[in-house]
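Take a look at the letters that make up each chain.
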Amino acid sequence: MTDPKDPASTHERKDRAWMRRALALAERGWGQTAPNPMVGAVVVRDGVAVGRGFHAKFGEAHAEVAALADAGDRARGADVFVTLEPCNHQGNTPPCVDALIRAGVKRVVAAVRDPGRESAGGAERLRAAGIEVEFGVEAAAARELNAPFFFAAGGATRPWVTLKLAVSLDGAIAGAPASAASPRWITGEAARKYVHRLRAQSDAVAVGIGTVLADDPLLTVRHGRRPRVAPLRVVFDRAARLPLTSRLVTTARRVPTLVMTDQADAGAARALEAKGVLVERAPDIVPKLELLHRRGVRSLLVEGGSILAGALLAAKAVDRLIIFQAPVVLGTGSIPAFAGVEAMARFTVIARREFGEDLMTVFATKANDE
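Residues numbered from 1 in each chain as written. Predicted model: local features only at pLDDT ≥ 70, side-chain atom pairs only at ≥ 80, totals over all residues. Heavy atoms only, no water.

Student: Lay out the side chain of Asp15 in plain terms, naming residues and giving numbers.
Tutor: Relative to the helices and strands, Asp15 resides in helix H1 (residues 7-26). Leave out the neighbours within four places in its chain, and Asp15 touches Phe81, Arg107, Glu134 and Val137. (Helix = DSSP H or I, 4+ residues; strand = E, 2+ residues; numbered from the N terminus. Contact = heavy atoms within 4.5 Å.)

Student: How would you summarise the sheet that holds strand E13 (residues 320-325) if you had to cite specific residues and measurements?
Tutor: Within the open sheet, the 9 strands sit side by side as E11-E10-E9-E8-E12-E6-E13-E16-E15. Their pairing is mixed. Sheet topology places strand E11 (278-281) and strand E15 (347-355) at the edges, where each strand pairs with a single neighbour. For this sheet the average axis-to-axis angle between neighbouring strands, irrespective of direction, equals 20 degrees. Across 6 bridges, the pairing between E13 and strand E16 (residues 358-365) is antiparallel. Bridge pairing links Phe324 to Met360 in E16. (Pairing = 2+ DSSP bridges. Axes fitted to C-alpha atoms, helices over the stretch in contact; angles between N-to-C directions.)

Student: Account for the sheet that holds strand E3 (residues 79-82), naming residues and giving values.
Tutor: The strands making up a sheet associate through hydrogen bonds between their backbones, and the pairing can be parallel or antiparallel. Here 5 strands make up an open sheet; going across it, the order is E2-E1-E3-E4-E5 and the pairing mixed. The open sheet is flanked by strand E2 (48-54) and strand E5 (132-135), the only strands paired with a single partner. Averaged over all pairs of adjacent strands, the angle between their axes in this sheet comes to 15 degrees, without regard to strand direction. The pairing of strand E1 (residues 40-45) with E2 spans 6 bridges and is classified as antiparallel. Opposite Gly40, over in E2, you have Phe54 as the bridge partner. Helix H2 (residues 63-71) rests against E1, E2 and E3 of the sheet, and its axis sits at about 140 degrees to E2.

Student: Quick one: what's the story with the nonpolar core, residue by residue and with numbers?
Tutor: Counting 46 residues, the largest nonpolar core has Val43, Leu68, Val105 and Val108 as its most contacted members. If you tally residues by element for this core, the top one is H1, at 6 residues. Other than its neighbours up to four places away in sequence, Val108 contacts Val80, Val82, Pro86, Leu100, Leu126, Ile131, Glu132, Val133 and Glu134. In terms of nonpolar packing, the next biggest core, distinct from the first, is built from 29 residues, Val161, Ala282, Leu313 and Ile323 among them. (Core = buried A, V, L, I, M, F, W, Y, C linked by side-chain atoms within 4.5 Å. Buried < 20%, exposed > 50% of the residue type's maximum accessible area, 1.4 Å probe, protein only.)

Student: Which residues make up the pairing of strand E12 (residues 299-302), and what are the values?
Tutor: Burial along E12 is two-sided: the residues Ser299 and Leu301 and Leu300 and Val302 are all buried. For strand E6 (residues 160-167) and E12, the ladder comprises 4 bridges, and the chain directions are parallel. Across the sheet, Leu163 pairs through a bridge with Val302, a residue of E12.

Student: Could you give an account of the packing of aromatic side chains, with specific residues and numbers?
Tutor: Throughout the structure, instances matching the rule amount to 5 aromatic pairs. Between Phe151 and Trp160, the ring centres sit 5.3 Å apart and the planes meet at 70 degrees, which makes this aromatic pair edge-to-face. Given the relative accessible area of 22%, Phe151 is considered partly exposed. Since its relative accessible area comes to 11%, Trp160 is described here as buried. A ring pair is formed by Phe324 and Phe355, whose centres lie 6.0 Å apart and whose planes are at 50 degrees; its orientation type is tilted. In this pair, Phe324 sits in strand E13 while Phe355 sits in strand E15, placing the two residues 31 residues apart along the sequence. Taking relative accessible area as the criterion, Phe324 reaches 1% and is therefore assigned buried. Put simply, the rings of Tyr194, Phe324 and Phe355 touch in pairs and so form one group of aromatic residues. Taking NZ or CZ as reference, Arg143 lies 4.4 Å from the ring centre of Phe150, over its face. (Phe/Tyr/Trp six-rings, centres within 6.5 Å; stacked < 30°, edge-to-face > 60°. Lys NZ or Arg CZ within 6 Å of the ring centre and 35° of its normal.)

Honestly, that's just the spatial picture; any functional story needs more than this.
And the structure:
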């Protein structure tokens, strides 16, 4: 246990507090920075924040540069708290380390190292210029904020997969198919709006064909701030049964839509393609995910249904599981959340949040975090 009177403990608590401010700033880039990570920065001098910045949009100034511009001359001799190691390469913008060196900052505290091959090495440049550099403050939160970015940088061959399901108290995602009393929505409006925020930060949003046939979803971002790039809409559909009259097909020329199939009838595939739908073939769930990765999908939000959810869990291809549980019982014959899962899957809770009467729980799969 840390001693609150210990100067070292006080210093550590203050560093954590400033980094949490930087993390909150980073989130303001939600849905705008991909393929770059969300990054926030705070310039602190004599215990006061004199500059704040975040990476607002891909191609625009990085967080450190924005924070230094906000601080102006007050940055000289200051500490800079940034959620990711300052970059050390020329991309769409100049290296952030150059701006920090020119500003004359005294100390840079970065939550985590930059995993990029080209952009890493900023700490060494800063130290060579006489600037103190530290790592590890609020590192877990910083990694979680940009989990798909770190996953991709680690050499992953599939997207980072977040499986989102709305379930009843009895673990169902829908009532019995023949039940006219089954509600269209299990969760309330607040929870449903939050799902649009999850979509906005994803490269692609996916469902199984059963969900499409039952709900005819749009899978677009219609609440909150629109993402810089609309997520690709993906339907896992072995036999290419996606109706030509579905909302996904009729809007495919405006919003990119992809059907992932196995050996679909050539005529059915051609009919979809004639409507502007992309069609890709792969034999199983993992090759399908790898194909999406080759298309540039680094983060995939899967919204159901139970067969697709079960296949992903069975393949150990779920990185985060988000369950929205509503205070309702759907009863006998209802559709379970996971179909076809034979082996036990174990999770650990990393976050909980209430949306009215609905409870959202975020789980990490232990196998992927060990």
